[in-house]
Amino acid sequence: MEANGQARPRLAFVVIGSIAAAMLAAGIALGLRVSGNDTVVLPGAVTYSEAVAGTWQRVNPLFAGANEVDADLSALVFSGLVRVAKDGKVIPDLAADLPEISDGGTTYTFRIRANARWHDGEPVTSRDVAFTVRLLQDPDFDDPAMAEGWNGVTVETPDDSTVVIRLRQPSAPFLSRSATVGILPEHLLGGKGAQALESDPFNARPVGSGPYRLESLDAQAATLAANTSYYLGRPGIDRIVLRFYPDEPQAIRAFAAGETDGLYLRGPRTRAELDDVREVGGKQVSVATRPVLAMLYLNNSNSLFRDERVRQALSLAVDRKQLLDEVFQGVGTATASPVVPGTWAYDPDADVIAPDLSRARVLLQEAGWTPHPTTGILVRQGQEFRFTIRTDNAPERVALANAVARQLEPLGIRASVASTTFSVLRRDFLQERKYEAAVVFWDQGPDPDLYFGWHSSQLGAAGLNLANFEDAVIDDLIARGRTSTDPEIRLDTYRQIQDVWQGIQPSLVLGATGAVVVHPGWLRNAEPGVLFMSASRFVDVHRWAR
């Protein structure tokens, strides 16, 4: 566990759950109707339906990290103290304003909105927040990544509307990574621990404080009705229906056949499938950036990559737009920045993505690499510039590694690709740093904090500094960015990091992955921003309208 108690960004190597198992679990509640719902939908009410891959298991924000459909439903049903806007900025949610921060950045004081109500009409109070935090800190709570940000945190409730949260040390990412968790109703669940809650009927009949209340739920669909007492105003769409399909190809076929108004695609799809989606008339097809960066990690302790001029040359050799089109069918964003494009901390002026082979050759020559007169392969002191790119067996990562290898050939660099299972890649190569280069996807999450991936304290098998990278300037900037609660200081810090990054290229950011969001032409105010998680597409759902 890290000393700072802040949740880690996740390496997005393997994110595929067992849909078959989920469907079986959902089948238990086949035909379930949620009781106690007094929402009335009048004739002529506006309904929006969407096709998604997967199905529900537990509609509960504490367990949403295990299943993206659960996260989608939880985002509609529940609210956190704050939420993350489309550009990653933190904005108030249940809290009337952003918190007052004191004691050197360790104390956060929130005040809950006076008109915040649970779907059953009871007021949301500070006791609900304290109860939710106790569950997150329960030793039986089985999501270490979510719990980590709450380790050592104390919560005080001086009155029903005031919550005082005390951290062990300053942590600017706390708001976006932890304070966004959905709050649970103490008056319905009080006295239950995390283990008991895992199988509680509440997970199929949830009562939240969010913009929509669950009206019905079965293995095929979830129907949600607008919360007419929602504290940010009644949502403009009366009913939302999420229809569940076993996988994305079946979701695409159902959408193309007119079964739903919209469609959400989380993963890479073929060009033919995307063409089928775009051919459906009357729809808005958006490609949304995700904070999952495709990386070519370079082991900085390897003799090939110790010289920053070599790393710069490799970056200048890569055509990121071509990679995006070739491997991801254009679904994503071409970028060389460690800060996700579209977020508040991103600096487009420090994001150099245009390839420049001439400059790359000059840098390699300055570093002592010259082409062999016969083979054309770069040679330095009798050593050829050859290395292996490791990755796991996921088709898109293998394809990406091969595409990068091909783009390096004109420089006289020869890279071969070796793939294996994720567990072997992690255990035998990445964790032990016994690799030369590796294609890995890094999920940066909603905050630009780079501590876990790039601070020198994270070197060694227990840390996530996979590149064996160490730089005093970067260390200082990372420390400043994650401890300051002044937005302007953080903005300046991350812009400096991006500028320094371009000069030293610790590893290569190849691009940010993306997702496809399809809405009907009549749906207004639903344009997606950066999708920090799939459920982020609902961040402003209360503003959607016809």
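Fair warning: this is a prediction, and the values are worked out from it, not measured in the lab.

Draft legend 1. Summary view of the sheet that holds strand β6 (residues 107–111). The 4 strands are arranged β5-β6-β8-β7 in an open sheet whose pairing can be described as antiparallel. Here the strands that pair on one side only, and so sit at the sheet edges, are β5 (100–102) and β7 (154–159). Adjacent strand axes in the sheet meet at a mean angle of 20 degrees, parallel and antiparallel pairs treated alike. Of the strand pairs in this sheet, β7 and strand β8 (residues 162–166) are connected by 4 bridges, and their pairing is antiparallel. Across the sheet, the residue bridging to V155 is I165, located in β8.

Draft legend 2. Region of the structure containing the environment of D276. Looking at the element boundaries, D276 is found in helix α9 (residues 271–278). Distance in space between the C-alpha atoms of D276 and V518 is 12 Å, their sequence separation being 242 residues.

Draft legend 3. Representation of the packing of helix α16 (residues 472–483) against helix α17 (residues 487–504) within the structure. Close contact between α16 and α17 brings their axes to 9 Å; oriented N to C, the two are set at 155 degrees. Classified by the interaxial angle, the pair formed by α16 and α17 is roughly antiparallel. The handedness of the crossing between α16 and α17 comes out as left-handed. On α17, the residues that touch V473, I474, L477, I478, R480, G481 and R482 of α16 are I489, R490, T493, Y494, Q496, I497, V500 and I504.

Draft legend 4. Region of interest: helix α13 (residues 395–408). In this model, α13 (14 residues) spans 20 Å end to end at C-alpha, consistent with the 20 Å of a helix rising 1.5 Å per residue. Among the residues of α13, those classed as buried are E396, R397, L400, A401, A403, V404, A405, Q407 and L408.

Draft legend 5. Expanded view of the sheet that holds strand β16 (residues 378–380). Strands sit in the order β15-β16-β17 across an open sheet of 3 strands; the sheet is antiparallel. In the strand order of this sheet, the two ends are held by β15 (370–371) and β17 (383–384), each with one partner. Where β16 meets β17, 2 bridges bridge the pair, whose relative direction is antiparallel. Within β17, the residue paired with V379 across the bridge is E384.

Draft legend 6. Up close: the pattern of salt bridges. For the structure shown, the criterion picks out 27 salt bridges. Of the charged contacts in the structure, one is a salt bridge between K192 and D200, with a shortest N-O distance of 2.4 Å. A relative accessible area of 33% places K192 in the partly exposed class. In this structure, the salt-bridge partner of D449 is R482, at a minimum N-O distance of 2.9 Å. Of the two residues, D449 is situated in the loop between β20 (437–443) and α15 (451–454) and R482 in helix α16; the sequence distance between them amounts to 33 residues. The exposure class of D449 is buried, given its relative accessible area of 2%. Linked by salt bridges that have partners in common, E50, E68, D72, R266 and R537 make up one network.

Draft legend 7. Examining the pairing of strand β11 (residues 239–245) more closely. The element β11 is largely enclosed, with a buried count of 5 among its 7 residues. Here strand β10 (residues 221–226) pairs with β11 via 5 bridges, running antiparallel. By the bridge assignment, T223 is partnered in β11 with V241.

Draft legend 8. Layout of the nonpolar core. L73, F110, I165, L184, L224, I240 and F244 are the most contacted members of the largest nonpolar core, which totals 70 residues. Residue contributions to this core peak at 5 residues, all from helix α3 (residues 126–137). With residues up to four places along the chain from it excluded, the contact list for L224 reads L73, L76, V77, Y212, R213, L214, E215, D238, R239 and I240. Among the nonpolar cores identified, the runner-up in size contains 39 residues, and L296, A317, F385 and I389 belong to it.

Draft legend 9. Geometry of the side chain of D447. Tracing the backbone shows D447 in the loop between β20 and α15. Polar contacts involving the side chain of D447 include one to the side chain of R490, which spans 2.9 Å. Setting aside anything within four residues of it in sequence, one finds D447 in contact with A172, P173, S176, R177, R490 and Y494.

Draft legend 10. Representation of unusual backbone geometry within the structure. Within the chain, D103 stands out as a residue other than glycine whose phi angle is a positive 55 degrees. Mapped onto the secondary structure, D103 falls in the loop between β5 and β6.

Draft legend 11. Structural context of the packing of helix α11 (residues 320–328) against α13. Relative orientation of the contacting elements α11 and α13 amounts to 140 degrees, with a least axis distance of 10 Å. Note that α11 runs across α13; the crossing there is right-handed. Between α11 and α13, the contacting residues are Q322, L323, E326, V327 and F328 on the first element and E396, A399, L400, A403, V404, R406 and Q407 on the second. A breakdown of the residues in the contact of α11 with α13 according to their chemical character gives 7 nonpolar, 2 polar and 3 charged.

Draft legend 12. Main features of the side chain of S315. Residue placement: S315 occurs in helix α10 (residues 308–317). For S315, a relative accessible area of 5% gives the class buried. Excluding residues within four positions of it along the chain, S315 makes contact with R320, Q505 and L508.

Draft legend 13. Local environment of the confidence of the model for the protein chain. Of the residues in the protein chain, 92% have a pLDDT of 70 or more, and the chain-wide mean is 92. For residues 1–5, every residue scores under 50 in pLDDT, and the model assigns this stretch 18 contacts once sequence neighbours within four places are set aside. When the criterion is pLDDT under 50, residues 12–41 qualifies, and its contacts beyond four places in sequence or with other chains add up to 53 contacts.

Draft legend 14. Geometry of the pairing of strand β9 (residues 212–217). Among the 6 residues that make up β9, 6 are buried, leaving the element largely enclosed by the rest of the structure. Looking at chain direction, β9 and β10 are connected through 5 bridges and run antiparallel. Across the sheet, the residue bridging to L217 is A222, located in β10. Two successive antiparallel strands, β9 and β10, enclose a turn made up of 3 residues.

Draft legend 15. The arrangement of α16 in detail. With 12 residues, α16 should reach 16 Å at 1.5 Å per residue; the first-to-last C-alpha distance of 17 Å fits that figure. Elements in contact with the buried residues of α16: α15 and α17. Where α16 begins, the capping side chain belongs to D471, and its oxygen is found 3.1 Å from the backbone nitrogen of V473.

Draft legend 16. Fine view of the packing of aromatic side chains. One pass over the full model with this rule turns up 17 aromatic pairs. Both rings, one in Y108 and one in F174, keep their centres 5.2 Å apart while their planes meet at 55 degrees; by these two values the pair is tilted. Highlighted residues: Y108 in strand β6 and F174 in helix α5 (residues 174–177), separated in sequence by 66 residues. Given a relative accessible area of 1%, Y108 falls into the buried group. Accessibility expressed as a relative area gives 0% for F174, which makes it buried. With 5.6 Å between their ring centres and 10 degrees between their planes, Y297 and W454 make a pair best called stacked.

Here is what the cut-offs are and how they apply
- Within every chain, residues take consecutive numbers counted from 1 along the sequence as written.
- Per-residue local features of the predicted model are confined to residues with pLDDT of at least 70, and side-chain atom pairs are confined, for both listing and counting, to 80 or more; whole-chain, interface and lining totals are unaffected and use all residues.
- Just so you know, side-chain values use all the structure's heavy atoms and leave hydrogens and water out.
- Strand pairing is defined by DSSP finding a minimum of two bridges between the two strands.
- Put simply, DSSP marks the helices as runs of H or I at least four residues long and the strands as runs of E at least two long, and each gets a number from the N terminus on.
- A fitted line through C-alpha atoms serves as each axis, taken over the contacting stretch for helices, and the angle formed by two N-to-C directions is quoted from 0 to 180°.
- For this classification, under 35 degrees means roughly parallel, over 145 means roughly antiparallel, 65 to 115 means roughly perpendicular, and everything else is oblique.
- Note on convention: near helix rotated counterclockwise from far helix by under a right angle means a left-handed crossing. Clockwise means right-handed.
- Should any heavy atoms of two residues lie within 4.5 Å, those residues are considered in contact.
- Take the number of residues in a helix, subtract one, and multiply by 1.5 Å to get its expected span.
- Exposure is judged per residue with a 1.4 Å probe applied to protein chains only, and the accessible area is read against the type maximum: over 50% gives exposed, under 20% gives buried, and values in between give partly exposed.
- Salt bridge, as used here, is a side-chain nitrogen of Lys or Arg placed within 4 Å of a carboxyl oxygen of Asp or Glu.
- Note on terminology: a nonpolar core comprises buried Ala, Val, Leu, Ile, Met, Phe, Trp, Tyr and Cys residues joined through side-chain atoms within 4.5 Å.
- A 3.5 Å cut-off defines polar contacts: any pair of N or O atoms within that distance qualifies, except that in protein one atom must be a possible hydrogen donor and the other a possible acceptor, and neighbouring residues in sequence count only when both atoms are side-chain atoms.
- Side-chain classes are defined by residue name, with Ala, Val, Leu, Ile, Met, Phe, Trp, Tyr, Cys and Pro counting as nonpolar, Asp, Glu, Lys and Arg as charged, and the others, Gly among them, as polar.
- pLDDT: the predictor's confidence for each residue, scored from 0 to 100.
- Pairing of aromatic side chains requires ring centres within 6.5 Å, counting the rings of Phe and Tyr and the six-membered ring of Trp. Pairs whose planes differ by under 30 degrees are stacked, by over 60 edge-to-face, and all others tilted.

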